[in-house]
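The lines below spell out each chain.
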Amino acid sequence: MTYVDLTRPQNAPSPVLVEVPHSGLQVPPEVEPEIDATPLSVLRDSDIYVDQLYQRAPENGATLLVSRVSRYVVDLNRGPDEVDSAAVPRHPRARHIPARGVVWRARTDGTPLLRAPLTVEQFGSRLERFYNPYHDALRSVAAQIREQQGRVLILAAHSMPSMGRRLLGGGQVRRADVVPGSRGRSTADGRIIDLVDSHFREAGLSVKHDDPYRGGWTTSSYGAPKRGQHAIQIELNRALYVDEDTSEIKKSDFAQLQSVLDGLVGRLGALLSSSTQFATG
């Protein structure tokens, strides 16, 4: 069984590849005995409904790659070597990682997720079955697009809780509506980053770059603008489109945000397709 969905462009293809690594809800039967999770906790610790927000991306020329496996199984925005020593104590490259490496040992609320530490064999099986196929597909599709069009933009689609802890003084603060992550404008051409910024601001949304998310492992690993491969992570504030207490979609707000994202995908595709100035490697 595959847990990776790939949808090709339905119209004239653009260089945009939207990847959604954290909206998956499936926990395969062989992993179920290893974790303590309920359907509600799986949903709440997903990037809830992000796959649906971007589902029309292929209508706007983009390629769409979606993982259907829960990040309780593997976290696809972590490196395969991010091995938590408390989760896989006998792994030769294990190190102290607070709770959530490529395999999580705790949920985001801090409660235990793993019923027991994993053996090296159990850990390796998770990567082989659920992690590697996704990144093999991401690398392959990105390379195809870049070969055909001279460049590719990997748009890493995520969502975040509306509230976060202040760095100084404690307490909670509402996050921006949109947080683009480009690791200090290093993972994508500046014109891409500027278009993302202006597009959301024109839609009346607040934008804060790289705070609190600078772009995870995928953005940092795949973003190589000088080779014609750009990457930007986009975190959406969940309060924009979902009731965080009930996990129910706010229908009108959801539709409005989905239209904003449709426009973004189309504008990014037009920018990359029309420009002759982007590095092609």
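In what follows, the structure referred to is the one given above.
Everything numeric here is computed off the predicted structure, so don't read it as measured data. (Residues numbered from 1 in each chain as written. Predicted model: local features only at pLDDT ≥ 70, side-chain atom pairs only at ≥ 80, totals over all residues. Heavy atoms only, no water.)

## A word on the packing of helix α4 (residues 190–202) against helix α6 (residues 251–274)
- Taken N-terminus to C-terminus, the directions of α4 and α6 make an angle of 150°; their axes are 10 Å apart at the nearest point. Taken together, the axis directions place α4 and α6 in an arrangement best described as roughly antiparallel. Viewed along their axes, α4 and α6 form a crossing whose handedness is right-handed. Packed against α4, whose contacting residues are Arg 191, Ile 192, Leu 195, Val 196, Ser 198, His 199, Phe 200 and Glu 202, the element α6 presents Val 260, Leu 261, Gly 263, Leu 264, Arg 267, Leu 268, Leu 271 and Leu 272 at the interface. (Axes fitted to C-alpha atoms, helices over the stretch in contact; angles between N-to-C directions. Helix = DSSP H or I, 4+ residues; strand = E, 2+ residues; numbered from the N terminus. Parallel < 35°, antiparallel > 145°, perpendicular 65-115°, else oblique. Left-handed = near helix turned anticlockwise from the far one by under 90°. Contact = heavy atoms within 4.5 Å.)

## Observations concerning the side chain of Glu 19
- Among the secondary structure elements, Glu 19 is positioned in strand β2 (residues 16–20).
- Here Glu 19 sits buried without a salt bridge, and the closest side chain of opposite charge, Arg 139, lies 11 Å off (N-O distance).
- A distance of 2.5 Å separates polar atoms of two side chains, one belonging to Glu 19 and the other to Tyr 134.
- Discounting residues that sit within four places of it in the chain, Glu 19 has contacts with Leu 65, Tyr 134, Leu 138, Ile 154, Leu 155, Ala 156, Ala 157 and Thr 218. (Buried < 20%, exposed > 50% of the residue type's maximum accessible area, 1.4 Å probe, protein only. Lys, Arg positive; Asp, Glu negative; His and termini not counted. Salt bridge = Lys/Arg side-chain N within 4 Å of Asp/Glu carboxyl O. Polar contact = N/O pair within 3.5 Å; in protein donor to acceptor, adjacent residues only side chain to side chain.)

## Remarks on a negative patch on the surface
- Together, Asp 243, Glu 244, Asp 245 and Glu 248 line one region of the surface with negative charge.
- Mapping Glu 248 onto the fold places it in strand β10 (residues 248–249).
- Its relative accessible area of 53% is what places Glu 248 among the exposed residues. (Patch = residues over 30% accessible without salt bridge, like charges linked within 9 Å, V, L, I, M, F, W, Y side chains within 5 Å. Areas by Shrake-Rupley, 256 points an atom, 1.4 Å probe, with all protein chains shown as cover. Charge placed at Lys NZ, Arg CZ, Asp CG, Glu CD.)

## With respect to the nonpolar core
- Core analysis: the biggest nonpolar cluster contains 40 residues, and Val 18, Tyr 54, Phe 200, Ile 234, Leu 236, Tyr 241 and Leu 268 have the highest contact counts within it.
- Breaking this core down by element, the ones donating at least two residues are β2, α2 (50–53), β3 (63–67), β4 (152–160), α4, β8 (229–237) and α6.
- Excluding residues within four positions of it along the chain, Tyr 241 makes contact with Ile 48, Tyr 49, Val 50, Leu 53, Ser 159, Glu 248, Ile 249, Lys 250, Asp 253, Phe 254 and Leu 257.
- Of all hydrophobic cores here, the second largest spans 36 residues; its members include Val 27, Val 31, Ile 35 and Trp 104. (Core = buried A, V, L, I, M, F, W, Y, C linked by side-chain atoms within 4.5 Å.)

## Regarding the packing of aromatic side chains
- Considering all chains together, one arrives at 5 aromatic pairs under this definition.
- Taken together, the aromatic side chains of Tyr 131, Trp 217 and Tyr 222 make up a single cluster linked through ring pairs.
- Over the ring of Trp 104 we find Arg 100; its NZ or CZ atom is 5.5 Å from the centre of that ring. (Phe/Tyr/Trp six-rings, centres within 6.5 Å; stacked < 30°, edge-to-face > 60°. Lys NZ or Arg CZ within 6 Å of the ring centre and 35° of its normal.)

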